[in-house]
Amino acid sequence: LELKIIVEFMEKGGSILVFGDYDYSNTIAQLFAIEFVQHQLWDKNYRDNVSFIETTAHLDGKSYNVLLNEPVAIKDLDSQPLNLWSSNIDWTPNVFMRTSQNSWIDLDDDGTITDNDEDAPQDSLGNVLGFKLGVKCDLRSEGEALGSAVFISDSSLGINHMWNENQNSFFLIDLVES
């Protein structure tokens, strides 16, 4: 019932912001055929300790230096999305934040890089992209813009400790305004 209410809200033009990791936010993410991966994400682009990953978020033509605290990767589902949408609803995902090219998912949860872990993905030309950390899905119906859903893979981004780090507060304020 809660998911159906969220779907109807977005179909009527509402937007949601989902700060997730590996909790119930995956239920909402499944509406857009994505998931928050339930393994530790490591990146060689960190500050102070390996939990603090530095990255760049891109929003409305601006770039923001963002510091994340133990983010997880956002990946496409291998299965069909949870379909509660009206028949004429389409969405377009836009990745606005990624890890560096030197990142991996610790699939065996041993804290070290091994052959069992997943390296950062590549595009069709073999260029390493990094894992998705932020995805915005804009809804449309017959060409008309509707609501949107924004997924950020760090549930601590807006808390007091992280608010004043790098450009986190500027990014979050601009994100809500957009």
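Residues numbered from 1 in each chain as written. Predicted model: local features only at pLDDT ≥ 70, side-chain atom pairs only at ≥ 80, totals over all residues. Heavy atoms only, no water.

K.L.:
Explain the overall build of the protein chain to me, please; I cannot follow it from the model alone.
P.N.:
If you tally the helices and strands in the protein chain, you get four helices and 12 strands. Against the globule reference of 16 Å for 178 residues, the protein chain gives a C-alpha radius of gyration of 16 Å, in line with a compact fold. By principal-axis analysis of the C-alpha atoms, the protein chain measures approximately 45 × 35 × 35 Å. In the protein chain, which comprises 178 residues, the proportion classed as buried is 44%. Relative to all contacts within the protein chain whose residues are 6 or more apart in sequence, the contacts with residues 24 or more apart total 66%. A total accessible area of about 9600 Å² is found for the protein chain, and carbon and sulfur atoms account for 46% of it. (Helix = DSSP H or I, 4+ residues; strand = E, 2+ residues; numbered from the N terminus. Rg over C-alpha atoms; globule rule 2.2 N^0.38 Å. Buried < 20%, exposed > 50% of the residue type's maximum accessible area, 1.4 Å probe, protein only. Contact = heavy atoms within 4.5 Å. Areas by Shrake-Rupley, 256 points an atom, 1.4 Å probe, with all protein chains shown as cover.)

K.L.:
Can you walk me through the packing of aromatic side chains in this structure?
P.N.:
The description of an aromatic ring pair rests on the distance of the ring centres and on the angle between the ring planes. One pass over the full model with this rule turns up seven aromatic pairs. Here Phe-32 and Trp-91 contribute two aromatic rings whose centre-to-centre distance is 5.3 Å and whose plane-to-plane angle is 80 degrees, an arrangement assigned as edge-to-face. Residue Phe-32 is found in the loop between helix 2 (25-29) and strand 2 (34-36), and its partner Trp-91 is found in strand 8 (residues 89-98); the two are separated by 59 residues along the sequence. When its relative accessible area of 3% is taken as the criterion, Phe-32 is described as buried. We classify Trp-91 as partly exposed; its relative accessible area is 24%. An aromatic cluster of three or more residues is present, and its members are Phe-32, Phe-36, Trp-85, Trp-91 and Phe-151. (Phe/Tyr/Trp six-rings, centres within 6.5 Å; stacked < 30°, edge-to-face > 60°.)

K.L.:
What is the right way to look at unusual backbone geometry in this model?
P.N.:
Trans peptide bonds make up most of the peptide bonds, and negative phi angles are found at most residues other than glycine. The phi dihedral of Asp-109 falls on the positive side, at around 55 degrees, and the residue is not glycine. Position of Asp-109 relative to the elements: it lies in the loop between strand 9 (103-105) and strand 10 (118-119). Here Asn-166, not a glycine, exhibits a phi torsion of approximately 45 degrees, which is positive. Here Asn-166 is to be found in the loop between helix 3 (160-163) and helix 4 (168-177).

K.L.:
Hey, could you run me through helix 4 in this one?
P.N.:
The α-helix advances 3.6 residues per turn, and as a result positions three or four apart in sequence lie on the same side. Buried residues of helix 4: Asn-168, Ser-169, Phe-171, Leu-172 and Leu-175, and no others. The buried side chains of helix 4 occupy one side of the element, clustering within an arc of 160 degrees when seen end-on. In helix 4, the exposed positions angled more than 90 degrees off the buried face are occupied by Phe-170 and Glu-177. Taken together, the buried residues of helix 4 touch strand 1 (15-19), strand 5 (49-59), strand 6 (62-69), strand 8, strand 12 (144-152) and helix 3. (Arc of directions from axis to C-beta.)

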